[in-house]
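Per-entry structural report
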Amino acid sequence: MASTTRQQQVLQARGALIMAARRRSLVTYKELGIAIGMVGVPLGHQMPPVLDELSDLCIAAGEPSLAALVVNEKTGAPGKGYDDGGVPWHSSVQEVFRHWAKQ
């Protein structure tokens with residue numbers, strides 16, 4: 001991971017998104033930014049590295065990527081950089097919900 005701050009943001013994002021997954025809800029980029037202390041910064045540049053590292057962490061743990069739960073508040077869909085290897089986004093979201101319902 002790039003830095004201690006980034007590590008903290010990734011772990012905070014993980015906790016917030018696990019809670020969202022257990023509640024079967026999506027989280028906007030803005031909501032997640034607030035939850036991990038990214039206030040007053042351009043989320044379009046700051047959030048992708050956090051979500052990429054979070055995805056790597058999830059995959060290494062044998063879990064579906066929690067990043068699937070993060071959406072644009074206007075469109076209700078993930079940002080243009082979201083990629084789950086060709087798996088349809090809604091399928092990834094359901095996989096995250098199923099995984100964390102069992103935990």
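These notes cover the structure that comes with them. What you see is a predicted model, and the numbers here were worked out from it, not measured in a lab.

As enumerated under the stated definition, the model contains two salt bridges in all. One salt bridge connects Glu 53 with Arg 6, and the closest N-O pair in it is separated by 3.2 Å. Taken as a pair, Glu 53 in helix α3 (residues 43-60) and Arg 6 in helix α1 (residues 4-22) lie far apart in primary sequence, 47 residues in all. Judged by relative accessible area, which is 15%, Glu 53 ranks as buried. As a salt-bridge pair, Arg 14 and Glu 63 come within 2.8 Å of each other at their nearest N and O atoms. Taken as a pair, Arg 14 in helix α1 and Glu 63 in the loop between α3 and β2 (70-71) lie far apart in primary sequence, 49 residues in all. Glu 63 carries the same exposure label as Arg 14, and that label is buried.

Rules and cut-offs
- Residues numbered from 1 in each chain as written.
- Predicted model: local features only at pLDDT ≥ 70, side-chain atom pairs only at ≥ 80, totals over all residues.
- Heavy atoms only, no water.
- Salt bridge = Lys/Arg side-chain N within 4 Å of Asp/Glu carboxyl O.
- Helix = DSSP H or I, 4+ residues; strand = E, 2+ residues; numbered from the N terminus.
- Buried < 20%, exposed > 50% of the residue type's maximum accessible area, 1.4 Å probe, protein only.

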